[in-house]
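Structural overview
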Amino acid sequence: MAPQWLELGLREALRRDGRRALEALLNDPDWRLEEDQTRRGEKCYAARPTTVDTLFGEVTLRRNYYTDGQGGGRAPLDQGLGIVEGCTPALARLMCRAGAVEHYEAAAQSLNEYSGLAIPGRRIQRLVNRLGPQMAQWPRPGATVSAPVPPDQVFYVEGDGTGIPVRPEETQGRQGKQAGQRAKTREVKLGCVFTQTETDEEGKPVRDPESTSYVATLQPAAEFGALLRAEALRRGLALARLVVFLGDGAAWVWELARVNFPMAVFILDFFHAVEHLEWLAQALFGEQTDQTKIRCERWAKMLKEQADGLDAVLREARLALPRRGKRRQAALDQLAYFENNTDKMRYAEYLARGLFIGSGVVEAGCKTVIGQRLKQSGMFWGVTGAQNVLDIRCLLENRQFALFWEQYREPLSLRPKAA
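Parameters and conventions
Residues numbered from 1 in each chain as written. Predicted model: local features only at pLDDT ≥ 70, side-chain atom pairs only at ≥ 80, totals over all residues. Heavy atoms only, no water. Helix = DSSP H or I, 4+ residues; strand = E, 2+ residues; numbered from the N terminus. Buried < 20%, exposed > 50% of the residue type's maximum accessible area, 1.4 Å probe, protein only. Contact = heavy atoms within 4.5 Å. Areas by Shrake-Rupley, 256 points an atom, 1.4 Å probe, with all protein chains shown as cover. Lys, Arg positive; Asp, Glu negative; His and termini not counted. Charge placed at Lys NZ, Arg CZ, Asp CG, Glu CD. Expected span 1.5 Å × (residues − 1). Core = buried A, V, L, I, M, F, W, Y, C linked by side-chain atoms within 4.5 Å. Pairing = 2+ DSSP bridges. Polar contact = N/O pair within 3.5 Å; in protein donor to acceptor, adjacent residues only side chain to side chain. pLDDT = per-residue confidence, 0-100. Bend = angle between axes of the 7 residues up to and from the residue. Phe/Tyr/Trp six-rings, centres within 6.5 Å; stacked < 30°, edge-to-face > 60°. Lys NZ or Arg CZ within 6 Å of the ring centre and 35° of its normal. Salt bridge = Lys/Arg side-chain N within 4 Å of Asp/Glu carboxyl O.

Glancing now at the overall build of the protein chain. Of regular secondary structure, the protein chain possesses 15 helices and nine strands. Across the 419 residues in the protein chain, those meeting the buried criterion constitute 46%. The long-range share in the protein chain, meaning contacts at least 24 apart out of those at least 6 apart in sequence, stands at 66%. Carbon and sulfur atoms provide 51% of the accessible area of the protein chain, an area that totals close to 23,000 Å². Distance between charge centres in the protein chain, computed from 57 positive and 53 negative side chains, equals 5 Å.

Turning our attention to helix 3 (residues 89-101). In this model helix 3 runs 18 Å from its N-terminal to its C-terminal C-alpha over 13 residues, within 8% of the 18 Å that 1.5 Å per residue would give. Of the positions making up helix 3, those classed as buried are Leu91, Ala92, Met95, Cys96, Ala98, Gly99 and Ala100. Each element contacted by the buried residues of helix 3 is listed here: strand 1 (43-54), helix 4 (104-115), helix 5 (121-136), helix 13 (360-374), helix 14 (383-397) and helix 15 (401-406).

Right, let's talk about the nonpolar core for a bit. One finds Phe245, Trp299 and Tyr347 to be the most contacted residues of the largest nonpolar core, which totals 103 residues. Here this core gets nine residues from one element, more than from any other, and that element is helix 8 (residues 270-285). If sequence neighbours within four positions are ignored, tryptophan 299 has contacts with Leu277, Leu280, Ala281, Leu284, Phe285, Val313, Glu316 and Ala317. Counting residues in hydrophobic clusters, the runner-up holds eight residues, among them Leu26, Leu33, Val52 and Ile83.

Attention now moves to the pairing of strand 8 (residues 242-247). The element strand 8 is extensively covered by neighbouring structure, given that six of its six residues are classed as buried. Sheet topology note: the strand 4 (residues 154-165)/strand 8 ladder contains five bridges and is parallel. Counted as the bridge partner of glutamate 158 is leucine 246 from strand 8. In this structure, strand 8 lies alongside strand 9 (residues 265-268), joined through four bridges in parallel fashion. Paired with leucine 246 across the bridge in strand 9 is isoleucine 267.

Inspection of the secondary structure puts asparagine 112 in helix 4. Excluding its chain neighbours within four sequence positions, the residues that come into contact with asparagine 112 are Arg11, Leu117 and Ala118. Of the polar contacts made by the side chain of asparagine 112, one reaches the backbone oxygen of leucine 117; its length is 3.3 Å.

When pLDDT is averaged along the protein chain, the result is 91, and 95% of the positions lie at 70 or above. When mean pLDDT is compared element by element in the protein chain, strand 9 scores highest at 98, while helix 2 (residues 76-81) scores lowest at 88.

Moving on to helix 5. Helix length check: helix 5 (16 residues) gives 22 Å between terminal C-alpha atoms against 22 Å at 1.5 Å per residue, within 8%. Helix geometry: helix 5 is bent most strongly at arginine 130, by close to 30°, with proline proline 133 lying one to four residues after it. For helix 5, the full list of buried residues reads Gly121, Arg123, Ile124, Leu127, Val128, Leu131, Gly132 and Met135. Tucked inside the fold, the buried residues of helix 5 contact strand 1, helix 3, helix 4, helix 14 and helix 15.

For the coordinates displayed, the defined rule picks out 16 aromatic pairs. When the ring of phenylalanine 224 is compared with that of tryptophan 252, the centres are 6.0 Å apart and the planes differ by 65°; the resulting orientation is edge-to-face. Of this pair, phenylalanine 224 sits in helix 6 (residues 221-235) while tryptophan 252 sits in helix 7 (residues 251-260), placing them 28 residues apart in sequence. The class for tryptophan 252 is partly exposed, based on a relative accessible area of 22%. On the numbers, 6.3 Å between centres and 70° between planes, the contact of phenylalanine 401 with tryptophan 405 is edge-to-face. Of this pair, phenylalanine 401 and tryptophan 405 both sit in helix 15, separated by four residues, roughly a single helical turn. One exposure class covers both phenylalanine 401 and tryptophan 405, and it is buried. Among the aromatic residues, ring-to-ring pairing joins Trp138, Phe401, Phe404 and Trp405 into one connected group. Its guanidinium or amino end placed over the ring of phenylalanine 194, arginine 207 lies 5.7 Å from that ring's centre, counting from NZ or CZ.

Burial of strand 4 is extensive: ten of the twelve residues sit out of reach of the surface. Direction of pairing for strand 4 relative to strand 5 (residues 185-199): antiparallel, over a ladder of twelve bridges. Considered in strand 5, the bridge of phenylalanine 155 is made with threonine 195.

For the rest of this paragraph, the subject is the pattern of salt bridges. Under the defined criterion, the tally for this structure stands at 20 salt bridges. Note that glutamate 12 is salt-bridged to arginine 15, the shortest N-O span being 2.7 Å. Linking glutamate 12 with arginine 15, this pair stays in helix 1 (residues 3-26), spanning three residues, or about one helical turn. Residue classification places glutamate 12 among the partly exposed residues on the basis of a relative accessible area of 29%. Judged by its relative accessible area of 10%, arginine 15 falls in the buried class. Lysine 189 serves as the salt-bridge partner of glutamate 187, at 3.0 Å between the closest nitrogen and oxygen. A residue is classified by how much of its surface remains accessible, and glutamate 187, at 33% relative accessible area, is partly exposed.

In C-alpha cells form, the structure reads like this:
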C-alpha cells in the first residue's frame, strides 16, 4: 500500500472513531441546560433526533425540541452548543475561513482535500451570509485597546476606494464611467489604522509589526467615516500624541477626514501628487517630450526635499503657461489641484518629522483585502454577499477571527442531572 493511502485510510479511521466519541458526548443524558424546560404554551418533543455536521463528519444529536403551536420552535441544546446552519462551531469556523479566502467552489474542494469533509460550495456561501453580519459587529461595542500607548507613537489612518463587479440589479440608476452607460461596479471603501513607533537608521518611518487593522464597506462615505472612526477609537485614537490621515486627492476622502479626524495632520499621498505633476508637465510641454520628463523629475525632487518646493514649482509652471487652448486649461486644472491641497503637501517637513508620506498601506489593502477575493474573473456580486465576505476578511486580517470563535457562544452551562 502506498504511504499516502495508508495515511488517508488512518485519517478516515480516526474520523470514524471521533464521530462515535463526539456523538456519545453530545448525547450524554446527564447534561442539563437552564433553558431546557417547557415554557407556558409549549409542547416538548423529547430526544428529537437531528443530524449535525462536525469536524469528524455527520453525527446524530438527540435533544429536546419545543414548539409554541404557532410555527415557532427552539432547541436549547443546539443554541448552547452554538450549532449554526446544521454545523458545529468548529466546522463553521473552517467553512467561514475557507469561503472568505477562496471562491466557494474552490473552498469546498480545499476543505475536502484538507479534512476529508464533503461540504458543497453553496452551503459554505449560506454560512458566510449567516455569520457575516455577526462578524461585522466584532469586536463588540466598547472594546478598546488596553495596552499602554508609547509616548512617541504616531497613529495613522488611511482611506481609499476600489470598484468590484456586481450584478446588474445592484447598479440600477447608477451612472457609469462613460456618459450614458450604466455602472458595472460598486465602490468598496477601505480604511486602515496602523501605528509607528520607530524610524530606521536613515530616519525613515517604520510601521509597527502587526499593527494594521482594516474596515471595509459598500455604504456611502458618511457611514464609512463613522466605521473608520470607531475602529480608530478602538485602536487607541484618543491616547495618541499625533494622528496622521493619509489619502489621495478624492474629495470624499478629505471630507471624511475633516469630519471624523479634525485634529489629524492631513497628508496627500506623495505618489498621487507626483502623478499630477506629470499631468501638469504634459499640459505645459507636451506628452512624452524630454522637457516634460526633465521638469517632472526636478519638480518631484523639489516637492519632496524643499520646504518651499510647492511654491517654487507653481511659480515655474505659471511662467510656462500657454496663452490659450486646451493645454492651457488642462494646466490650469492641475494648478488648481495643487493650490487646493497646499496644506497637505509639506513633504519636506513631514519627512523631517519621520512621518510616512505615502498611502501605500491602504492601496495594498485594496488588492489583498478586496481584490484577491472579490475581483476574480467571472465574479458578479450582490451587495449583501460581498459585504459579508469583506467583514470576514477584515476579521482575518485584523487577527480577530480566532477571538470571535472563542466567544461566539458562551461556554455551555452544564450541571448534573437532578436525581
